[in-house]
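Structural characterization, general
Residues per chain are reported as follows:
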Amino acid sequence: MKYAKKQSTKVIHSATAEQFQSELNKALEEVSEMGCKYELMFNNNQGFCAYIVYSAERLVPETASDRYHLKGETYRCGECPNFVASKDGRVKYTTCMHGTMYCKADHDACDYFYEKLEKGEIQIEEHETVPTDPI
């Protein structure tokens, strides 16, 4: 997953002071709700005019597993039909039928699993979503 940073500008221009104040407060609230850093500049030559320049950051998924993680869905190797647990209780790790070595039932599932899940080739019974903190 990678981070994308985008700089944007909101322009507030009004004919009256009351309307300007209302629109400026509304725009500042929108920007602060997004959790963005911003800079407020006034243009006194234009009358009631202000610019809000802000930077918005977001996560951009690169793989199928990233797309599921952004939705708050995480799966484990033990939920994959290719996972075969070791019959020897002393052995913690195993090799799945897909060929992933050193996998364990409680490890995060591999991209192969998420790609098959996305295509509908793997069916999973009810699954709890894990709340994530979006950036």
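A brief look at the structure comes next. (Residues numbered from 1 in each chain as written. Predicted model: local features only at pLDDT ≥ 70, side-chain atom pairs only at ≥ 80, totals over all residues. Heavy atoms only, no water.)

Here's the deal with the pattern of salt bridges
Summed over the entire model, instances satisfying the criterion amount to 6 salt bridges. In this structure, K116 and E121 form a salt bridge, with 2.8 Å as the shortest nitrogen-oxygen distance. Taking the relative accessible area as the measure of exposure, K116 reaches 21% and is therefore partly exposed. Exposure remark for E121: the relative accessible area of 49% places this residue in the partly exposed category. (Salt bridge = Lys/Arg side-chain N within 4 Å of Asp/Glu carboxyl O. Buried < 20%, exposed > 50% of the residue type's maximum accessible area, 1.4 Å probe, protein only.)

Focus: the packing of aromatic side chains
Applying the stated criterion across every chain, the model contains 8 aromatic pairs. Centre to centre, the rings of F20 and F48 are 5.9 Å apart; their planes meet at 40°, and the pair counts as tilted. Remark: F48 occurs in strand 3 (residues 48–60) and F20 occurs in helix 1 (residues 17–33); sequence separation between them is 28 residues. K71 extends its terminal NZ or CZ atom over the ring of Y68, reaching a point 4.3 Å from the ring centre. Directly above the ring of Y93 sits K104, whose terminal nitrogen or CZ lies 5.8 Å from the centroid. (Phe/Tyr/Trp six-rings, centres within 6.5 Å; stacked < 30°, edge-to-face > 60°. Helix = DSSP H or I, 4+ residues; strand = E, 2+ residues; numbered from the N terminus. Lys NZ or Arg CZ within 6 Å of the ring centre and 35° of its normal.)

Observations concerning the nonpolar core
Counting 10 residues, the largest nonpolar core consists of I12, F20, L24, A27, L28, V31, C36, A50, I52 and Y54. Of all elements in the fold, only helix 1 and strand 3 reach the threshold of two or more residues within this core. Tallying contributions element by element places helix 1 first for this core, with 5 residues. Setting aside its immediate chain neighbours within four residues, I12 contacts F20, E23, L24, A27, F48, C49, A50 and I52. Listed in part, the 9 residues of the second largest apolar core include A109, F113, Y114 and L117. (Core = buried A, V, L, I, M, F, W, Y, C linked by side-chain atoms within 4.5 Å. Contact = heavy atoms within 4.5 Å.)

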